[in-house]
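One letter stands for each residue in the lines below.
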Amino acid sequence: MSKTSSGSPSGPKTHHIADKMFKSAMQVRENAVALLQNFVDPVLTAKINFDKLTLDDTAYINKRFKAHYSDVVYRTTWKEEEVEIFIALLWEHKSQPSLHIYLQHLNYMLGIWTRDIQNKKPLAVVIPLVFYQGEKAWETRLFRSYFDHLPVELERFIPQFDYVMTAVREISLEKILGLPKGMFLRRLMLTYKKAADKAYVKKNVGEFIELTDEDLSDDHLYAIFVEYFLEITDLSESEIAELLDQIHSTTMKAKVMSTADHLRAAGRLEGKREGILEGMLEGMLEGKREGILEGKREGELKEKLEVAKSMWLLDQPVEIIAAGYQGLCRESTRMDRRV
């Protein structure tokens, strides 16, 4: 498993767990409200009707996107005018703007608008919200910037919309600690902010994993959090044992120990971590693609494959993908489709 510059673990499995954590937390209405009210532009949220905010359980992500993004969409109304709006929440770990962000939010919009048309309703406004956990400064790119050598005369044919960015790196520790103790979002945001700082984690372990009434009412969410916490902090077994010594609650200690045992059995603690996460698991997820992208060929095809993936996510036929980008063999694209 690779690590970020701050020392926190990074890799396909870690990102999957982090994405699962964000999705599970944001599907709880109280957490979504707390996130919007505390960490999103107040000029925008002041007009959102939180009394009517409800989770939209419609699946807007097609099967091509499921490996990349969670599906968390809320519906409500805009105050005063009572216009229906949708808020699409997307978790992002990459350090640079991604074309997939625009494609995914376009997917949300098209799905919502298609349903509006089918139900003979006015089209609803969709507010894209990106929650960014990366360490580097995020430089927002316009959608049209992804089109190479675009003549000015053709810019009017390119869809253009904005998205709201909430970056953990720009949120102060003081603001996070200012949230009420016992609030799940406080613990989650603190983990996003300080999980890589082992000294802070060891000194303030209770801030991260102390059981609250909210945890007892949602045992499943707490279990997901403990799994995420142990994974993202990259603690060794001896370090976990030290933390357990600081826990006085028998119930809490049992839950942490149970999760640690589960991770150990899965090979995600100590020596087996790197071999499984970057070897077997990635091989299982990527399938036959691994053989195609090995060695020298990987460097030659990397950039073209990223573009092909974007076309693939938009349901473009294999023939168009292969014909449009020389050097990307049709066999590799077909293998991507089967994964």
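Whatever comes next refers back to the structure up there.
All figures in this text were calculated on a predicted structure; none of them were measured in a lab.

Participant: Could you give me a rundown of the nonpolar core, with the residues and numbers involved?
Facilitator: Formed by 57 residues in total, the largest nonpolar core has its most connected members in Met21, Met26 and Tyr192. Among the elements that line this core, the one with the most residues is helix α10 (residues 219–233), at nine residues. With sequence-adjacent residues up to four places away left out, tyrosine 192 is seen in contact with Ala18, Phe22, Trp91, Phe131, Gln133, Val168 and Tyr228.

Participant: Tell me what's going on with empty space enclosed by the protein, and back it up with residues and numbers.
Facilitator: Which parts of space are left empty comes out when a probe the size of a water molecule is rolled across the atoms. According to the stated counting rule, one finds two cavities of 30 Å³ or more in the structure shown. One number sums up the size of the second largest cavity: a volume of about 40 Å³. Surrounding the second largest cavity, Leu36, Val40, Leu44, Thr45, Ile48, Ile87, Ile127 and Leu129 form its lining. Contributing elements (two or more residues each) for the lining of the second largest cavity: α3 (42–45) and β6 (125–132). When the residues that make up the lining of the second largest cavity are grouped by side-chain class, the tally is seven nonpolar, one polar and no charged.

Participant: So, the pairing of β6: which residues are in play, and what are the values?
Facilitator: In terms of burial, β6 is largely enclosed, as seven of its eight residues are buried. Across eight bridges, the pairing between strand β5 (residues 83–92) and β6 is parallel. Bridging across to β6, tryptophan 91 finds its partner in phenylalanine 131. Alignment of β6 against strand β7 (residues 164–167), held across four bridges, turns out to be parallel. Opposite phenylalanine 131, over in β7, you have threonine 166 as the bridge partner.

Participant: Let's hear about the pairing of strand β4 (residues 72–78): which residues, and what values?
Facilitator: Of all seven residues making up β4, five are buried, and the element is well covered by its neighbours. Across three bridges, strand β3 (residues 54–56) lies against β4 in antiparallel orientation. Paired with threonine 54 across the bridge in β4 is arginine 75. As judged from the seven bridges shared by β4 and β5, these two strands associate in the antiparallel manner. Pairing of arginine 75 across the sheet is with phenylalanine 86, part of β5. The turn linking β4 back onto β5 is made up of four residues, and glutamate 80 within it adopts a positive phi angle of 75°.

Conventions adopted
- Sequence order sets the numbering: in each chain, residues are counted from 1 along the sequence as written.
- In keeping with the predicted nature of the model, local features appear solely for residues at pLDDT of at least 70, side-chain atom pairs appear and are counted solely at 80 or more, and the whole-chain, interface and lining totals rest on all residues.
- To obtain the side-chain values, all non-hydrogen atoms of the structure were included, while hydrogens and water were left out.
- By nonpolar core is meant a set of buried Ala, Val, Leu, Ile, Met, Phe, Trp, Tyr and Cys residues that side-chain atoms within 4.5 Å join together.
- Each residue gets one of three labels from its accessible area relative to the maximum for its type: buried under 20%, exposed over 50%, partly exposed in between, using a 1.4 Å probe on protein chains only.
- The numbering of helices and of strands both runs from the N terminus, where a helix is a DSSP run of H or I of at least 4 residues and a strand a run of E of at least 2.
- Residue contacts are defined here by distance: any two heavy atoms, one from each residue, within 4.5 Å place the two residues in contact.
- Grid points spaced at 1 Å over the protein atoms alone were grouped into cavities, where a 1.4 Å probe fits but cannot get out, and pockets, open sets with protein on both sides within 12 Å along at least five of seven lines, with lining residues defined by an atom within 4 Å of a point.
- Grid points are joined across faces, edges and corners, and a volume is the space filled by probe spheres set on the points.
- Gly is placed with the polar residues, together with every amino acid not listed as nonpolar (Ala, Val, Leu, Ile, Met, Phe, Trp, Tyr, Cys and Pro) or charged (Asp, Glu, Lys and Arg).
- In this scheme, strands are said to pair when DSSP sees at least two bridges between them.

None of this, on its own, says anything about what the molecule does.
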